[in-house]
Amino acid sequence: RRGTAGAAIPMALGFENVTQRFGAVTALSHVSLSVKPGEIVALLGQSGCGKTTLLRLAAGVERPSAGRVLLEGRDVSNPDRFIEPEHRGVGFVFQDYALFPHLSVRDNVRFGLRGQAPAAADATALRALGRVGLAELADSYPHMLSGGEQQRVALARAIAPRPGVLLMDEPFSNLDRRLRDVVRDETAALLEETGATSIIVTHDPEDAMRIADRIVLMRAGRIVQVGTGEELYRQPGSLFAARFFCDLTEVEGRVSDGAVDTPFGRFAAPGIAEGMMAVACIRPHRVRIVPKGYYLRGRLTGRRFLGEADHLQVMVDGFDRALSVRAPLSGEIAVGDEIGVEIPSDEVLVFPAADQ
Ligand code: ATP
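Residues numbered from 1 in each chain as written. Predicted model: local features only at pLDDT ≥ 70, side-chain atom pairs only at ≥ 80, totals over all residues. Heavy atoms only, no water.

Caption draft 1: Main features of the site of the ligand. Around the ligand, the neighbouring residues are Phe22, Val25, Ala27, Gln46, Ser47, Gly48, Cys49, Gly50, Lys51, Thr52, Thr53 and Glu170. Measuring from an oxygen atom of the ligand, one finds a backbone N or O atom of Cys49 at 3.0 Å. Contact between the ligand and Thr52: an oxygen atom at 2.6 Å from a side-chain N or O atom of the residue. In isolation the ligand exposes 630 Å². Once the protein is present, 59% of that is buried. Within the residue set of the shell around the ligand, elements represented by two or more residues are β2 (25-35) and α1 (51-59). It is α1 that contributes the most residues to the shell around the ligand, three residues altogether. When grouped by side-chain class, the residues that make up the shell around the ligand number four nonpolar, six polar and two charged. (Near = heavy atom within 4 Å. Polar contact = N/O pair within 3.5 Å; in protein donor to acceptor, adjacent residues only side chain to side chain. Areas by Shrake-Rupley, 256 points an atom, 1.4 Å probe, with all protein chains shown as cover. Helix = DSSP H or I, 4+ residues; strand = E, 2+ residues; numbered from the N terminus. Nonpolar A, V, L, I, M, F, W, Y, C, P; charged D, E, K, R; others polar.)

This is the structure we're talking about:
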């Protein structure tokens, strides 16, 4: 299905041992990444971890302090043969959309088509607007559009020249939650259709999981893990990665005979040395509430109705903080009641405590 109507020729994009310094700040440190032609990759991480810098290096608006940026295997960042942004065949969607307020929607989209004859540019712009469902707004001005429509104009402007690589910086962050879901799904469909190699910067794991083939998790200028959303979620390689994808209850204990003892039970701690402290992480939706008398004993101390499941706080005997649980709860159980809690041990993630 990928790369059907009006497809771009997707390009391979690579970063080889890229370091980027701004004065005393090291924004990126020895970053290497290969993105295959047509692949959709999300750069995921907290504010300031270097996501935007990596995107700007791909676009060519920034030059690396060290290392190489490759397009189709060709070094485009070498100072002697640097390829300027406008000659890279790369489209960019900015976080704030960066539409020109004094230009109509049509002219905003035409802006990226300056090399084409006017009639051809006009036809191309209208086609791109048609693909994001906005052809009828071609003569409107940006201030007349909703946030979601502005985002779609920015997307149309970026795809109109059929770039081989499409770069998007936090494209959904200015949208309210409901609109965000819609625009995100539309964008995902459009990316598949254009076939362009795409990189999306986001700090939202849900954005990343919904839109990307592969997620690149970053922290403090480095890549910490690369994988599909499912791989990162199921097998986080570090406590940092586990925390990023889930609101965990964490409990520390000392490792003996290959397992860590905690108030919630004893959990396997493979690869962690004897006597070391380890952190066991419990995911709220993996905990089961069971009749009391079985498993762990606890008391329900908080309950919030969330629709499909409740968010529960449970004080488990021997643990001084509340355990977070996300589960449907039968109407008979009320706050203050004694309950049983089951934590399937193979669902618990264990990491070295020093690894924070
Ligand atoms: P955000 O999600 O907030 O945009 P980010 O992950 O995209 O964050 P970057 O914008 O890439 O992070 O910034 C990484 C680091 O480099 C930050 O510490 C930032 O302050 C610094 N930085 C980025 N650009 C410059 C610059 N032009 N001059 C000085 N420091 C910069």
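Caption draft 2: Up close: the sheet that holds strand β11 (residues 249-256). If you trace the five strands from one edge of the open sheet to the other, you get β13-β12-β11-β14-β20, paired in antiparallel fashion. What marks the edges here is a single partner per strand, and that holds for β13 (265-268) and β20 (349-352). Pairs of neighbouring strands in the sheet enclose a mean axial angle of 35°, with direction left out of account. Pairing between strand β12 (residues 259-262) and β13: four bridges, direction antiparallel. The residue of β13 that forms the bridge with Val260 is Phe267. (Pairing = 2+ DSSP bridges. Axes fitted to C-alpha atoms, helices over the stretch in contact; angles between N-to-C directions.)

Caption draft 3: The pairing of strand β1 (residues 13-22), seen in detail. Where β1 meets strand β4 (residues 66-71), five bridges bridge the pair, whose relative direction is antiparallel. Bridging across to β4, Gly14 finds its partner in Leu70. Where β1 folds back on β2, the antiparallel hairpin that results is connected by two residues, among which Gly23 adopts a positive phi of roughly 60°.

Worth remembering: the numbers are spatial, not functional.
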